[in-house]
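Topology and contacts: notes
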Amino acid sequence: MSSTTIDYEAIKKNQRAGWETGDYPRVGNTLQLIAELLAEAADVHAGERVLDVACGQGNAALAAARRFAEATGVDYAVNLLDQGRERAVAEHLPVTFVEGDAEDLPLPDASYDVVLSTVGVMFAPNHQQAADELVRVTKPGGRIALSSWTPAGMIGQLFKAVSKWAPPPAGVRSPTLWGTEQHLHELFGDRVEFTAITKREHVFRYHSPEHFAQWFIDNYGPITRLAGTLDDADRYRFAAELADVPRAFDYATDGTVAARAEYLEVVGIRR
């Protein structure tokens, strides 16, 4: 389907409503380790200008600030930005948070030494436009570093389970394509030289599969919003299907969940 037939603004308006539902930082805060590893992989230096795109509650921006970088986070969900500011104050970290769309960043060309995104920019519906913006705001010779869930990993399978209940908009490509080398090469072409491509696993730790499912229903905005449209019987079935997802990736033997979720971590040099 041609991109001209897709109403990306309507899709983003619906996405924003999802992220502003529930309490996503209660999920996102459990992913802080991904941001710390990405900041290390990108070799963030003190004093560098670092941008965290689709920052949510600021995981990568905070990771950069801990390394004494000049950190900025940008997102279109104002409630998540507010929580990012609260976290920065609580941790005594100087981070600037800016409202903005990953597909139309309100920032100057070639203005950042390092541009990061941890499982964030992958959700922009127009993949090419988002990639173009990442390149635009990065200085020549600067680094672009991304962590994205893979299609076959646990979160990829979670999205697949959710899509049975809420099919994605026609023509919009899966966000988990950002977790594949081929798609990244297609998006960035020769504008970015990838110097490190690493598959990693993040372990999701919950009391039980049912706890995992309920936590996401209560807090993960898009899932919270979807669950709110279901009647009691369908909500019960939906929760049961979500609980099945971590079981396939769980290595715990004590009844709790310790489920491995694969993601792709990449670092590239902007040419």
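What you see is a predicted model, and the numbers here were worked out from it, not measured in a lab. (Residues numbered from 1 in each chain as written. Predicted model: local features only at pLDDT ≥ 70, side-chain atom pairs only at ≥ 80, totals over all residues. Heavy atoms only, no water.)

1. Points about the packing of helix α7 (residues 154–165) against helix α11 (residues 232–247)
- Two elements in contact, α7 and α11, have axes whose closest approach is 9 Å; the angle formed by their N-to-C orientations is 160 degrees. In terms of axis orientation, α7 runs roughly antiparallel to α11. Of the two elements, α7 crosses α11, and the hand of that crossing is right-handed. Touching Met154, Gln157, Leu158, Ala161, Val162, Lys164 and Trp165 of α7 are Asp234, Arg237, Phe238, Glu241, Leu242, Val245 and Pro246, all from α11. (Axes fitted to C-alpha atoms, helices over the stretch in contact; angles between N-to-C directions. Helix = DSSP H or I, 4+ residues; strand = E, 2+ residues; numbered from the N terminus. Parallel < 35°, antiparallel > 145°, perpendicular 65-115°, else oblique. Left-handed = near helix turned anticlockwise from the far one by under 90°. Contact = heavy atoms within 4.5 Å.)

2. A word on the nonpolar core
- In this structure, Val53, Trp149, Trp178, Phe188 and Phe204 are the most contacted members of the largest nonpolar core, which totals 64 residues.
- For Val53, the residues in contact, after removing those within four places along its chain, are Val74, Ala102, Leu105, Val115, Leu116, Ser117, Val121 and Leu134. (Core = buried A, V, L, I, M, F, W, Y, C linked by side-chain atoms within 4.5 Å. Buried < 20%, exposed > 50% of the residue type's maximum accessible area, 1.4 Å probe, protein only.)

3. Some points on the sheet that holds strand β6 (residues 192–206)
- The sheet built from seven strands is open, its strands ordered β3-β2-β1-β4-β5-β7-β6 with mixed pairing. With partners counted over all chains shown, the strands left at the sheet margins are β3 (95–99) and β6, one partner each. Averaged over all adjacent pairs, the angle separating strand axes in this sheet is 20 degrees, with direction ignored.
- As paired elements, strand β1 (residues 49–53) and strand β4 (residues 112–118) share three bridges and run parallel to each other. Considered in β4, the bridge of Val50 is made with Val114.
- Its contacts with the sheet place helix α3 (residues 32–41) against β4, β5 (138–149), β6 and β7 (257–270), and it is angled at close to 30 degrees to β7.
- Packed onto the sheet, α7 meets β5, β6 and β7 and runs at close to 105 degrees relative to β7. (Pairing = 2+ DSSP bridges.)

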